[in-house]
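So you can see what is in the structure, the chains are spelled out below.
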Amino acid sequence: GNESVREAEQDCLGNKSKVEKCFGCIASTSLTCWENPVSIGGCILGPCRADKVIKDPLACPKCWINYVDGCLGKYDGCFNTTASASGLEPTQKSS
């Protein structure tokens, strides 16, 4: 955790250009992923419908985990680390 914070600080702090680029990336990713009605609707209208949950109770939680994991992964371009919902521990990005 602390290593990820240090890396994010290196990528996002230091000069005006770094700050603008980093925060712009974070804002853009947040607006385009977390509030994407197609992604949200995919779970709500798909495996999370009542009739689908009865047939496969684990499909709905899996859908939301994939949604969260996908959004977290999109922040990769903003930082030198990646995080996933399945691991929740950031790992060093391989180059």
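Residues numbered from 1 in each chain as written. Predicted model: local features only at pLDDT ≥ 70, side-chain atom pairs only at ≥ 80, totals over all residues. Heavy atoms only, no water.

Peer 1: I'm lost on the state of the cysteines in this one. Help?
Peer 2: Enumeration over the complete set of coordinates arrives at four disulfides. Between Cys25 and Cys78 runs a disulfide, and the two sulfur atoms are separated by 1.9 Å. The chirality of the disulfide connecting Cys25 with Cys78 is left-handed, given an S-S dihedral of about -85 degrees. Of this pair, Cys25 sits in helix α2 (residues 16–34) while Cys78 sits in the loop between α5 (59–73) and β1 (81–82), and the two are 53 residues apart along the sequence. Assessed through its relative accessible area of 22%, Cys25 is described here as partly exposed. With its sulfur 1.9 Å from that of its partner, Cys48 forms a disulfide with Cys60. Around the S-S axis, the bridge from Cys48 to Cys60 shows a dihedral of about 95 degrees and counts as right-handed. Taken together, the residues span a long stretch of sequence, with Cys48 in the loop between α3 (37–44) and α4 (50–55) and Cys60 in helix α5 at a distance of twelve residues. Residue class for Cys60 comes out buried when judged on its relative accessible area of 14%. (Disulfide = S-S within 2.5 Å. Helix = DSSP H or I, 4+ residues; strand = E, 2+ residues; numbered from the N terminus. Buried < 20%, exposed > 50% of the residue type's maximum accessible area, 1.4 Å probe, protein only.)

Peer 1: Whenever I open this one, the nonpolar core confuses me. Can you help?
Peer 2: Nonpolar side chains in soluble globular proteins tend to end up buried together. By size, the foremost hydrophobic cluster in this structure holds five residues: Cys12, Cys22, Tyr75, Cys78 and Phe79. Sequence-distant contacts of Tyr75, that is, excluding residues within four places in its chain, are made with Ile26, Thr29, Ser30 and Trp34. (Core = buried A, V, L, I, M, F, W, Y, C linked by side-chain atoms within 4.5 Å. Contact = heavy atoms within 4.5 Å.)

Peer 1: Is there a simple way to explain the pattern of salt bridges in this structure?
Peer 2: If charged atoms from side chains of opposite charge come close, those side chains can pair. Under the criterion given, the structure shown has two salt bridges. The salt bridge partner of Glu20 is Lys16, with a shortest N-O separation of 3.9 Å. With Glu20 and Lys16 both in helix α2 and four residues apart, this pair spans about one turn of that helix. Residue class for Lys16 comes out exposed when judged on its relative accessible area of 64%. For Asp51, the salt bridge identified is with Arg49, shortest N-O distance 2.6 Å. (Salt bridge = Lys/Arg side-chain N within 4 Å of Asp/Glu carboxyl O.)

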